[in-house]
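# Observations on chain architecture
Below, each chain spelled out in residue letters.
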Amino acid sequence: MTAAAVDRDRPSAAFIEEMRRRFPTERETDALLVRKLRRRAGPPYRRIAKDELAACLEAMLAERLDGPFEISDTRWFTGGVSKIQLGFTLAWDDPERGPSRDRLMVRMDPSESLNATSRVREAELLRAFHGVLPVPGVFALDADARWFPEPALVYAFVDGVTKPTGATSGKVSGLGTNFGPALRERLAPQFLDHLVRIHTFDHEEAAFTALDRPRAGTTESALWQLNRARRVWEEDRADDLPLMEVAANWMERNLPATDVVSVVHGDFRSGNFLFDEATGEIRAWLDWERAHLGDRHRDLAWTTQALFGHYGEGADRGTYYVCGLIPRDEFFARYEEASGLPVDHDALAFYRILNCYQIVVSTLATAYRVARLGKSHQDILLARVKGEVPIVVGELRQLLKERM
Amino acid sequence: MNADHVHNGLGAAIKALTDVVAPSLDADDPLAREQLQLVVDYLDLVRSRTDLLWDRERVTLRHYLAMAEAIGEVPEAAAPSLAGAVVTGRRTLADPEAGVRPLRDAGGALAAALSELVRALGAPDADPALRARVEAIVVDASDTLVEVERAWYLPLGFDPEPEAVAPVEDVLADAGAALAAGRRPG
C-alpha cells in the first residue's frame, strides 16, 4: 500500500490487524505497536508542569513506601529524544539504610514517542545488569500508567556528562561526539569491555518477562527485528521511498541465522553513557529501551554506524573513530579478542542494512507522524531529524550496492 | 524590484526569539532553552531555502521520472499506477506554471508507484530477472536525491563530511541539468 492510501492519523482496526498479520514480531513489541495505533487519533501531547508530575510521583510513592517521605528539588532534564525526564530528591526512610536522601529520575513516555518501547523491558534489563555494568538502580515502575499520565520508570540519578563540556561537535542527541585524544584513551577500553559484558551476559538465568527468546541457529531473531522495522514503516510513513522497498526485499532474501543468542543493548553508542569528565570513568549506561535477546551483530553494526562516529583531525584525518572512541580498523579485532565471539561479516552486513533501514523509519516516518500530530515534548527536535535522512539513505544505498 | 518579505519576516522572528525571548526564559527550564535554539535553527534553515523550494520539487520530480524511464515498461499487474504517474509527471514538468504543490504531488505519485513495483517484485513468484534489473536501477539512481537532500539539510549539522557537500544552489542546478540531459549528475 502506498503512503497516501491509508489514513495513518486515524488507523482503522482492520489496518492494525493487517499490520499484526503481515509483520509478526516479539509479543511485547506487538502490544506496544497496537497501543500506539489505537491511541493515535487521541489528543496531542500537552506539556505537563513539574508540579503535576511531582503530584503523580507523590501518589505513587504514598502507596509504595512505608512512612513519611518528601520530594524536593524537582528539575527537568533534556537529553534523549524520546522520553520526558524529571530529576528530584527523595527524603525517606529506607528499611535497609535508615533515613536517606536519594537523587532520582522519572522517565516517562510522551503521548507518542519516536520509539514505541517498554518501560517494563527497560526496568528488567537495568535490574539484570545491576552489578555487571554501571547502570542506574531501578527504584519504581509504573508499567500501566496507574499514577503517571503514561508508563514511567523511576531510577537513580547518576552524575556525569555524555560529552565533554564545551565540545564543539556532538549534536543534540549525542551523535558524532568528539571526545579528544585524552578522554578517548580512557573511555575506549571501558566502552569495549561493557559491550563485551552485555553480549556474554548469561541471560538464561535472568527473569525476563518482557523479552521473547529467539532460537539459536535460526533466522527468527533477524525476522522479528526486520518485521518490527517494516511494520513501523507501514504504520507511520507519509512518504514513499523506492530504495526502502529494495532494502526490505534484500533483507527478506538474506536473513542471517543467529549463532549465539545474546542480550542486545539496541542503542550502544556515545551519547548513551554518562562519564566523569575528570577521571574518564563511565558511570552509567542509559537507554535500554531497544534492548532485546537476539544477534550481537545488531549492536556491532549499530555502534559502528557512520552517524555516531567521526573522522580524526589534522594528521589523523584518515582515521574514522567508532562512536568517536576506537579506530574502525581496530574495533572488530579488539571485540573478538575480548569476547571470544566471532564477527561474521555477512551477518554484520545484514544488520548494517537493517539498522540504516530502521533509522530511516524513525527519522523519516515516525518523526514526521509524531511531530505532525503534536504527540511529543520534542516535536521540533523530531522535525529536525529529517536532516539525518539523506546521510543514512546514502549509507543504505552504498551498503545495498556492495551486496547486490 | 520587490523586496523579499518572507525572508525579512523570518529574520525578524529569529531576532525576536534570540534577543527578546531567549533571555526571558526560566533558567530552571533547560528544555525550553534547548527547544528555542532548535526553533531558531529551523527558521534559519527555512529562511535560507525559501527561494529554492520550486527548484527542489522540480529536481525531485525529474529524479523519479528518470528512474521510471530507466525501468521502462513493466507488467501492469506489478505496477498498476506507474504508467499514469509517468504521464502526469511529464505533463507537470513540462508546465512552466506548475507550482510547488503539483510538482510535489507528481513526484510523490511516482515514488509511490515505483515503491509499489519494487514491493510486487519482492514476491516469491515474481520474475527474478526483472526484479534484479529494477532493484539495480533504483539503487543506482537514488544517489541524485541523496546528494540534493544532503545539501538541503546541511545547515542542521548532521553530515559527518560537511566539507564534501557543495552549496545547495549548485547541487540543485547540477542535478536538474544532468537529469534533463539524461545523464548522472556530478
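Figured I'd write up the structure that's included with this text. Note that the structure is predicted; figures quoted are calculated from it, not measured. (Residues numbered from 1 in each chain as written. Chains lettered and ligands numbered in written order. Predicted model: local features only at pLDDT ≥ 70, side-chain atom pairs only at ≥ 80, totals over all residues.)

## Remarks on the sheet that holds strand E12 (residues 326-327) of chain A
Residues and elements named next belong to chain A. Here three strands make up an open sheet; going across it, the order is E10-E11-E12 and the pairing antiparallel. What marks the edges here is a single partner per strand, and that holds for strand E10 (310-311) and E12. Summarising the sheet, strand E11 (residues 320-322) and E12 pair through two bridges and their orientation is antiparallel. Across the sheet, residue Tyr321 finds its bridge partner in E12, namely Pro327. (Pairing = 2+ DSSP bridges. Helix = DSSP H or I, 4+ residues; strand = E, 2+ residues; numbered from the N terminus.)

## Looking at helix H12 (residues 389-403) of chain A
When the terminal C-alpha atoms of H12 of chain A are compared, their 21 Å separation across 15 residues agrees well with the 21 Å that a helix rising 1.5 Å per residue should span. Along H12 of chain A, 11 of the 15 residues are buried, which leaves the element largely enclosed by surrounding structure. Along H12 of chain A, the positions that sit buried rather than exposed are Val389, Pro390, Ile391, Val392, Val393, Gly394, Glu395, Leu396, Arg397, Leu399 and Leu400 of chain A. The inward-facing, buried residues of H12 of chain A contact helix H7 (242-253) and helix H10 (345-372) of chain A together with helix H6 (128-141) and helix H7 (143-153) of chain B. (Expected span 1.5 Å × (residues − 1). Buried ≥ 20, exposed ≤ 12 C-beta atoms within 10 Å, placed from the backbone. Contact = placed C-beta atoms within 7 Å.)

## Focus: the packing of helix H3 (residues 53-71) of chain B against helix H4 (residues 82-94) of chain B
Residue and element names in this part refer to chain B. Remark: H3 packs on H4, axes separated minimally by 10 Å, with the N-to-C direction vectors making an angle of 140°. With respect to H4, the element H3 is oriented oblique. Considering how the two elements wind past one another, H3 and H4 form a crossing that is left-handed. For the pair formed by H3 and H4, the contact residues are Arg58, Leu61, Arg62, Tyr64, Leu65 and Ala68 on the first element and Leu82, Val86, Gly89, Arg90, Thr92 and Leu93 on the second. Looking at the contact of H3 with H4 residue by residue, the class counts come to seven nonpolar, two polar and three charged. (Axes fitted to C-alpha atoms, helices over the stretch in contact; angles between N-to-C directions. Parallel < 35°, antiparallel > 145°, perpendicular 65-115°, else oblique. Left-handed = near helix turned anticlockwise from the far one by under 90°. Nonpolar A, V, L, I, M, F, W, Y, C, P; charged D, E, K, R; others polar.)

## Brief notes about the interface of chain B and chain A
Residue-level contacts link 33 residues of chain B with 37 residues of chain A. Examining the composition of the side of chain B that touches chain A, we find that eight residues originate from one element, helix H5 (residues 100-121) of chain B, more than from any other. Partitioned by chemical class, the residues of the side of chain B that touches chain A number 17 nonpolar, six polar and 10 charged.

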